[in-house]
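So the chains spell out like this:
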Amino acid sequence: MGGEGEGRIVRIFGVILAGGQGRRMGGADKAMLPLAGRPLMAHILDRLEPQVERLSISANGDPTRFAALRLPVLPDARSEGPLSGILSALDWAAPLGATAVVSAPVDAPFLPPDLVPRLILAGESSGGCALARSGGNDHPTFGLWPVTLRGPLRAFLASGEKPRVRAFADAHHAARADFPDDGAFANLNTPEDLATAEARLRGAA
């Protein structure tokens, strides 16, 4: 996905954050959990891939489990939560000419189909960085991260501070992109969440 922004080409890449350990799912690999007969990862791909120019997966462990997707799999240089995955994605995207990376977690199968354009619009007022928000609540792992933040993010992770996504984003004046549907950002953290999502998809069929 490219666009014109103040006379320049805006090139937005994406990263699916799949590095979590799925403790509340019994240690399962969330990306591969079945939802409506398909892996959870497939639902995220359907929604995010059309919105970005190129897409990657942030994940540790054996990358061959994603081989059929034919997407770059980016391991963390240091595993400190979602920000580590975002840094790996920025390091991947910057040499390829990306302007920014949009992140989304693998366990959010209902993410908005207009996630990226809304984040870009919000980011225009903040120098590029933006987080999604709905119902007055921030969703920090759904963010727009300019590649110019690579250095500051690397320093932040090396500083010893607790690596909170919102704290880093707000240190760089992150704007908020407001969305009307709070359910679009539902995370599937437990087997009960997965069952609720299954019922939601069956009801929409």
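Our structure is the block above this text.
## Some words on helix H3 (residues 115–123)
For the α-helix, the turn length of 3.6 residues means that residues three or four positions removed from each other point alike. Those residues of H3 that fall on the buried side of the exposure criterion are Leu115, Val116, Leu119, Ile120, Ala122 and Gly123. With its buried residues spanning 165° around the axis, H3 presents them on a single face.

## Some details on the nonpolar core
In terms of nonpolar packing, the biggest core is built from 35 residues, with Ile12, Met41, Leu48 and Leu115 touching the most fellow members. Elements with a contribution of two residues or more to this core: strand E2 (8–17), helix H1 (40–48), strand E5 (55–58), strand E7 (100–105), H3, strand E8 (130–134), strand E9 (137–146) and strand E10 (175–179). Element by element, the count of residues in this core is highest for H3, at 5 residues. The next biggest cluster of nonpolar side chains, apart from the first, holds 25 residues, and it includes Phe13, Ala98, Leu149 and Leu153.

## Here's the deal with the pattern of salt bridges
All chains considered together, the criterion is met by 11 salt bridges. The salt bridge involving Arg154 is made with Asp91; its shortest N-O contact spans 2.7 Å. Separated by 63 residues along the polypeptide, Arg154 in helix H4 (residues 150–158) and Asp91 in helix H2 (residues 82–93) bring together distant segments of the chain. Salt bridges linked by common partners bring Asp138, Arg166, Asp170 and Arg176 together as one network.

## Focus: H2
With 12 residues, H2 should cover 16 Å at 1.5 Å per step; its first-to-last C-alpha distance of 16 Å lies within 8% of that length. By the criterion of burial, H2 is predominantly enclosed, with 10 of the 12 residues buried. Within the sequence span of H2, burial applies to Leu83, Ser84, Gly85, Ile86, Leu87, Ser88, Ala89, Leu90, Trp92 and Ala93.

## A short note on the pairing of E5
Alternating positions in E5 separate into two faces, Leu55 and Ile57 on one and Ser56 and Ser58 on the other, with burial throughout. Relative to strand E6 (residues 73–74), E5 runs parallel, the two sharing 2 bridges. By the bridge assignment, Ile57 is partnered in E6 with Val73.

## What about the packing of aromatic side chains?
Considering all chains together, one arrives at 5 aromatic pairs under this definition. With a centroid separation of 5.3 Å and an interplanar angle of 50°, the aromatic rings of Phe13 and Trp92 are classed as tilted. Taken together, the residues Phe13 in strand E2 and Trp92 in helix H2 connect sequence positions 79 residues apart. Across the pair, Trp92 and Phe13 agree in class, each one buried. Ring centres 4.8 Å apart and planes at 85° place the aromatic pair Phe142 and Phe185 in the edge-to-face group. With a gap of 43 residues between them, Phe142 in strand E9 and Phe185 in the loop between E10 and helix H6 (191–204) connect regions that are remote in the sequence. For the pair Phe142 and Phe185, a shared accessibility class is recorded, and that class is buried. By the ring-pair criterion, three or more aromatic residues cluster together here, those being Phe142, Phe179 and Phe185. The positively charged end of Arg200 is found above the aromatic ring belonging to Phe110, 3.7 Å away from the centroid.

## Points about the side chain of Asp138
On the secondary structure map, Asp138 appears in strand E9. Here Arg166 takes part through its side chain, which lies 3.2 Å from a polar atom of the side chain of Asp138. In terms of polar contacts, Asp138 uses its side chain to reach the side chain of Arg176, at 2.9 Å.

## Looking at the pairing of E9
Burial of E9 is extensive: 8 of the 10 residues sit out of reach of the surface. Summarising the sheet, E7 and E9 pair through 4 bridges and their orientation is antiparallel. Residue Ala100 lies in a different strand from E9, and its bridge partner there is Pro146. Pairing analysis gives 5 bridges linking E8 to E9, with the strands arranged antiparallel. Its bridge partner lying in E9, Ala130 is registered against Leu144. Connecting E8 to the antiparallel partner E9 that follows it, the hairpin turn spans 2 residues, and Gly135 within it adopts a positive phi of roughly 55°.

The rules we used
Residues numbered from 1 in each chain as written. Predicted model: local features only at pLDDT ≥ 70, side-chain atom pairs only at ≥ 80, totals over all residues. Heavy atoms only, no water. Buried < 20%, exposed > 50% of the residue type's maximum accessible area, 1.4 Å probe, protein only. Helix = DSSP H or I, 4+ residues; strand = E, 2+ residues; numbered from the N terminus. Arc of directions from axis to C-beta. Core = buried A, V, L, I, M, F, W, Y, C linked by side-chain atoms within 4.5 Å. Salt bridge = Lys/Arg side-chain N within 4 Å of Asp/Glu carboxyl O. Expected span 1.5 Å × (residues − 1). Pairing = 2+ DSSP bridges. Phe/Tyr/Trp six-rings, centres within 6.5 Å; stacked < 30°, edge-to-face > 60°. Lys NZ or Arg CZ within 6 Å of the ring centre and 35° of its normal. Polar contact = N/O pair within 3.5 Å; in protein donor to acceptor, adjacent residues only side chain to side chain.

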